[in-house]
Amino acid sequence: MPNLTPPPAFISKHAWWPTEDEQWVEFKSRPHKHRELVQTIQQAIIDAFKSGTATSEVIIGYAITIDHLLWYAWFNHDLHKANATLLAVGGYGRAELHLHSDIDLMVLIDKRFGDSDKDKLSTFLTFLWDSGLDVGHSVRTVKEAVMESKKDVTVISSILEGRPLCGNIALFNELQKATASNKIWNSKKFYLAKKEEMQARHKKYGDTLYQLEPNIKEGPGGLRDIQFIDWVTKRHFGNRALNELIAEGFLLEEEYNALRFAQEYLWKMRFSLYLVTQRKEDRLLFDYQVELARLAGHSDSNSNLAVEKYMQNYYRHISECYKLIELLQQHFEETCIATRYLRMRKKIGDHFYSIGDVLHADNDTLFQDHPSTLLELFWVLQNHDHVTKVSSNTIRLIRKNLHLIDEDFRNNSEHKKIFIAILRQPRHIARELSRMHRLGVLSAYWPAFARIEGRMQYDLYHVYTVDHHILTVLKEATRLGDSIHTENEINSIYYKLPKIEILYLAALFHDIAKGRDGDHSSEGSQDAIDFCLAHGLSQFDASLVSWLVQNHLVMSVTAQHKDLSDPTVVQGFADKVSSAIRLDYLYLLTIADIKGTNPTLWNNWRSTLLADLYKYTLFQIRAGLPRDTSEIIHDIKTSALKQLNEMGYDNEECEIVWSQFNDDYFLRHTDNEITWHTEIALKANPDSNTEIHVRQLERRGSTEIFIYTPDRNFLFANITNSLYKLGLSILDARIITSNNGLTFNTFTVVDQNEKPISDKKSLEKINSAITQAVSQKQLSYNSTSQFVPSRLRHFQFAPKITIKNARHLDHTSMHIHAIDHPGLLANVAQAFALLGIKVISARVSTLGEKVHDIFYITNKNNKKILDKKEQQALIDLVTEKITVESKQLPNSISI
């Protein structure tokens, strides 16, 4: 009998488990029986997990069980007589084996391992594969293993975890001696290599814990990070298990327990993931998150989806794990890797000192004796540029004393002054608030922040958890004063703000009420004013912060979803803002919020929309009274005429062109656009029906296509369909029809990477496609666009379509909220064409997986759509056209 650990009870209790050597021998001649045994074992493992057995017991028990299978297979293939050793390495070497994980083996041989032995080994490995075991293996002499270890840190890492299963143990002992840290890969060199490996791995996964679809093994804070600590301490201390580091004085018992808890949590999640996917899978894809949440017992509530609760739990666990790994890594560097020479201490204030760039608490009872230093520490870091780190011992002391931050601590006026002083510092505000968050101080001091830690929103728009988003918005707000990252106009607004802490407080509070039952803007504004007044801000300043939180979405919604050419839109926004100081703060908060929501959101297009709204509103506020429409049109015409006169055109010929258009044209276009259009009309070839012109809008980061052509049926639908087929996204569309039947069609587009189109070949394709589109007399159907890419299918919801008729406008507006998919705009245009609907303009806004498109339309008689039956017919057809199916979309032609 082998000297093996007995299999766990959930395996050995079954009658099918072999207990006699003869039963094991029988498998050699009947391999299909061995495969059945493997399948039965795996089912028993699953049953044990589902019955509530701790995941650690399940995966360790599975590894032990596989030990028995391998030992008997080795013996039955006469390899026990060969000069070889079978080693378990990698995760299996740690006696940790998940379902569908590779069983990593190393076969150590010596020069006496002959051809017949090689044949037996080949038969042995084939037997394992035929049994359904996922075996990965290498066959090496000790010398070869040492050579590979010298070249590759992953090989020495694998050997560190190696354990002999059977065979000649002397070969394993020889390998251990030859690969000891005094021979190859000393402790420091090994640590630095593993650190570089970890940094590269983190970079691959976005250097963030908060991926929407995280990898629970390889991502930051995942299982591989726990293994990193295991590897480097094994190399340095020679321990076999982490708990041995407690006696070494490297690891505190509570830290060891926290590591084991994190590992158990991640193991359970990983095992559940395997059950859902029925394969090896470490990514928490959208495909699996909802089902995993259900298996974990979560259910939807009014304010949180089950999947949001599940993922919040995950992010909180992974965050705690990552913080602990960071602490232990720093502790390892300080105690095991740092150069051993004395460096002079530099006293900082009454309670801290620095050694190099590391800040240390003056003594181990500092925070107990002076609780205010739990906040003061961050102020010190802001004001001393030479210190950028906190010592591992000081971090341990902070964690140990967080309980001191209680209600009395929070109500202490001195502590409130320190917190506000941190926000008023000109340097390192975002860095230190983030550090305060990582060390647990921010949540302890601000309980509302603790409630949103790890909270995610199940969509593709918000790519960060709420806590990470808030701190990212704060960071983006501080960067608005940096000319390297910010446009000059924004930079100048930032520096004229009277009190910068008001912007920072608004950034901190704008989403603090997410996840509550009520409106998060309203509840957050109340939190903000209470907090600000309690922290000594004046009533005016506190009210301003509260107003900013209450209205933090208004400017973004107005700029992206409303028609800024409509004077009443700008006037309504100006009335709500009411003062230039509010406008300045709201403008900067909106920019920071967009930048901090999703790195892909901020672009020249959104920047220009917000800048235009800011400019129009500031003019309106300073003017005091609403501007008359005729006055606006007069100013636009005057400016355009000045430009056209400089080009050599006289007023009369320009006025002839303009006489064919009503006031709407001049309100919907800038003076520069009108100049461009007029020049094209005046230079147009009388024998040509269509003029197509393209120009680059550098300020908006897009390409503008102008089509001057006679009006005809299906024109808008055919043009939008042709642009879709070229792989272009339409950001804005304006269609003006003159009294003599000519149309000015302006489309603002970007390519699939949200970049303008500038290369000659692509521009020729655009010209050719549009020329063909405008010549078509029939409706061009888009037959492929009713499918949605697989990543979006988890976010399906019924389109919401609203029709509005404003009293002061002579057209109807249709608002569409729907799942985004390629060809959506072309589909809407087809619906309009089939019902004879005319499009005046369109505004397209994509936010993650959702779109909010606005169309300004009339019926075929150029009148508002007022009839309820006509409105419902339009809604029904558009809904039918844009309702998506969860299938892969065929490729469009990309330029």
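Preceding block: the structure.
This is a predicted model, so every value here is computed, not measured. (Residues numbered from 1 in each chain as written. Predicted model: local features only at pLDDT ≥ 70, side-chain atom pairs only at ≥ 80, totals over all residues. Heavy atoms only, no water.)

Caption draft 1: Molecular detail of a nonpolar patch on the surface. A surface patch of nonpolar side chains, about 280 Å² in accessible area, is lined by Tyr781, Leu834 and Leu835. Mapping Leu834 onto the fold places it in helix H39 (residues 824-834). (Patch = residues over 30% accessible without salt bridge, like charges linked within 9 Å, V, L, I, M, F, W, Y side chains within 5 Å. Areas by Shrake-Rupley, 256 points an atom, 1.4 Å probe, with all protein chains shown as cover. Salt bridge = Lys/Arg side-chain N within 4 Å of Asp/Glu carboxyl O. Helix = DSSP H or I, 4+ residues; strand = E, 2+ residues; numbered from the N terminus.)

Caption draft 2: Structural view of helix H32 (residues 604-623). Relative to the 28 Å expected for 20 residues at 1.5 Å per residue, H32 spans 28 Å between its end C-alpha atoms, a close match to the ideal helical length. Residue Gly624 follows H32 closely and has a positive phi angle near 90 degrees. (Expected span 1.5 Å × (residues − 1).)

Caption draft 3: Focus on the sheet that holds strand S1 (residues 84-88). Ordered by their spatial adjacency, four strands build an open sheet running S3-S2-S1-S4, and the pairing between neighbours is mixed. Where the open sheet ends on each side, the last strands, each with one partner, are strand S3 (135-141) and strand S4 (163-167). The sheet shows a mean angle of 25 degrees between the axes of neighbouring strands, direction not considered. Alignment of strand S2 (residues 103-109) against S3, held across seven bridges, turns out to be parallel. Looking at S3, one finds that Val107 is bridged to Val139. (Pairing = 2+ DSSP bridges. Axes fitted to C-alpha atoms, helices over the stretch in contact; angles between N-to-C directions.)

Caption draft 4: Structural view of the packing of aromatic side chains. If you walk through the whole model with that rule in mind, you get 32 aromatic pairs. An angle of 35 degrees between the planes, with centres 5.1 Å apart, marks the rings of Tyr191 and Phe332 as tilted. Taken together, the residues span a long stretch of sequence, with Tyr191 in helix H10 (residues 187-204) and Phe332 in helix H15 (residues 306-337) at a distance of 141 residues. The buried category is assigned to Tyr191, whose relative accessible area is 1%. Among the residues examined, Phe332 registers a relative accessible area of 1% and is labelled buried. With centroids separated by 6.0 Å and ring planes inclined at 80 degrees, the aromatic side chains of Phe250 and Phe332 adopt a geometry described as edge-to-face. Placement of Phe250 in the loop between helix H12 (244-248) and helix H13 (253-277) and of Phe332 in helix H15 is noted, with a sequence separation of 82 residues between them. The residues Phe250 and Phe332 share a single accessibility class, namely buried. Through successive ring pairs, a cluster of aromatic residues spans Trp658, Phe661, Tyr665, Phe666, Trp676, Phe706, Tyr708 and Phe744. Over the ring of Trp231 we find Lys194, and its NZ or CZ is 3.9 Å from the ring centre. Here the basic side chain of Arg345 rests over the ring of Tyr353, its NZ or CZ set 4.1 Å away from the ring centre. (Phe/Tyr/Trp six-rings, centres within 6.5 Å; stacked < 30°, edge-to-face > 60°. Buried < 20%, exposed > 50% of the residue type's maximum accessible area, 1.4 Å probe, protein only. Lys NZ or Arg CZ within 6 Å of the ring centre and 35° of its normal.)

Caption draft 5: Local environment of the sheet that holds strand S6 (residues 352-355). Reading across from one edge, S5-S6-S7-S8 is the order of the four strands in this open sheet, with mixed pairing throughout. With one partner strand each, in any of the chains shown, strand S5 (346-348) and strand S8 (389-390) form the two edges of the open sheet. Here helix H17 (residues 373-383) sits on the sheet and contacts S5, S6, strand S7 (358-361) and S8; the angle it forms with S6, its principal contact strand, is near 45 degrees. Packed on one face of the sheet, helix H18 (residues 392-400) meets S7 and S8 and runs near 50 degrees to S7. (Contact = heavy atoms within 4.5 Å.)

Caption draft 6: A look at H39. Most of H39 is tucked away: ten of the eleven residues are buried. Among the residues making up H39, those that are buried are Leu824, Leu825, Ala826, Asn827, Val828, Ala829, Gln830, Ala831, Phe832 and Ala833. In this structure, the buried residues of H39 make contact with helix H37 (715-725), strand S11 (729-737), strand S14 (812-819), strand S15 (838-843), strand S17 (850-858) and helix H40 (868-882). Phi turns positive, to about 75 degrees, at Gly836, one or two residues after H39.

Caption draft 7: Molecular detail of the packing of helix H3 (residues 31-50) against H13. Following both chains from N to C, one finds H3 and H13 inclined at 125 degrees, their axes separated by 12 Å at the closest point. In this view, H3 runs oblique relative to H13, as classed from their interaxial angle. The chirality of how H3 crosses H13 is left-handed. Contacts from Ile45, Ile46, Phe49 and Lys50 in H3 reach Lys268, Phe271, Ser272 and Leu275 in H13. Among the residues forming the contact of H3 with H13, the class breakdown is five nonpolar, one polar and two charged. (Parallel < 35°, antiparallel > 145°, perpendicular 65-115°, else oblique. Left-handed = near helix turned anticlockwise from the far one by under 90°. Nonpolar A, V, L, I, M, F, W, Y, C, P; charged D, E, K, R; others polar.)

Caption draft 8: Representation of the pairing of strand S9 (residues 691-697). Pairing between S9 and strand S10 (residues 702-710): seven bridges, direction antiparallel. Counted as the bridge partner of Val694 is Ile705 from S10. Connecting the antiparallel pair S9 and S10 is a turn made up of four residues, with Gly701 showing a positive phi of about 60 degrees.

Caption draft 9: Inspection of the nonpolar core at higher detail. Residues Tyr92, Tyr314, Leu503, Tyr587 and Leu588 are the most contacted members of the largest nonpolar core, which totals 203 residues. Sorting elements by how many residues they give to this core places H15 first, with 15 residues. Sequence-distant contacts of Leu588, that is, excluding residues within four places in its chain, are made with Leu480, Ile490, Ile493, Tyr494, Leu497 and Leu503. If you look at the next biggest cluster of nonpolar residues, it comprises 46 residues, including Leu726, Leu779, Ile803 and Ile837. (Core = buried A, V, L, I, M, F, W, Y, C linked by side-chain atoms within 4.5 Å.)

Caption draft 10: The arrangement of the pattern of salt bridges in detail. Tallied over the entire structure, the rule returns 43 salt bridges. Arg294 is the salt-bridge partner of Glu291, the closest N and O atoms lying 2.6 Å from each other. With Glu291 and Arg294 both in helix H14 (residues 286-295) and three residues apart, this pair spans about one turn of that helix. Two residues, Arg516 and Asp527, come together in a salt bridge whose shortest N-O distance is 2.7 Å. Residue Arg516 is found in the loop between helix H26 (500-509) and helix H27 (520-534), and its partner Asp527 is found in helix H27; the two are separated by eleven residues along the sequence.

Caption draft 11: Seen up close, unusual backbone geometry. Located in the positive-phi region is Ala95, a residue other than glycine, with phi close to 65 degrees. Locating Ala95 in the fold gives a position in the loop between helix H5 (90-93) and S2. Relative accessible area serves as the criterion here: at 19%, Ala95 is assigned to the buried category.

Caption draft 12: Geometry of the environment of Ala258. Positionally, Ala258 belongs in helix H13. Judged by relative accessible area, Ala258 falls into the partly exposed class, the value being 31%. Once the C-alpha coordinates of Ala258 and Leu87 are considered, the two residues, 171 residues apart in sequence, prove to be 30 Å apart.

Caption draft 13: Structural view of the state of the cysteines. Evaluation of the coordinates by the stated rule reveals zero disulfides. Sulfur of Cys336: no disulfide; nearest cysteine sulfur belongs to Cys321 and is 19 Å away. You can call Cys336 buried: its relative accessible area is 12%. (Disulfide = S-S within 2.5 Å.)

Caption draft 14: Representation of the side chain of Asn598 in the model. Of note, Asn598 is situated in the loop between helix H31 (580-595) and H32. A distance of 2.8 Å separates the side chain of Asn598 from the side chain of Thr600, its partner in a polar contact. (Polar contact = N/O pair within 3.5 Å; in protein donor to acceptor, adjacent residues only side chain to side chain.)

Caption draft 15: Expanded view of the environment of Asp369. Structurally, Asp369 is set in helix H16 (residues 366-369). Look at Asp369 and you get partly exposed, because its relative accessible area is 48%. A polar contact of 2.8 Å, which involves the side chain of Asp369, links it to the side chain of Thr365.

Caption draft 16: Spotlight on a positive patch on the surface. A surface patch of positive charge is lined by Lys562, Lys576, Lys800 and Lys804. Within the fold, Lys800 resides in strand S13 (residues 800-804). (Lys, Arg positive; Asp, Glu negative; His and termini not counted. Charge placed at Lys NZ, Arg CZ, Asp CG, Glu CD.)

Caption draft 17: Region of interest: the packing of helix H2 (residues 21-29) against H3. Contact geometry of H2 with H3 gives a least axis separation of 5 Å together with a crossing angle of 120 degrees. Along the contact surface, H2 presents Trp24, Phe27, Lys28 and Ser29, while H3 presents Pro31, Lys33, His34 and Leu37. Along the lines of polarity and charge, the residues of the contact of H2 with H3 split into four nonpolar, two polar and two charged.

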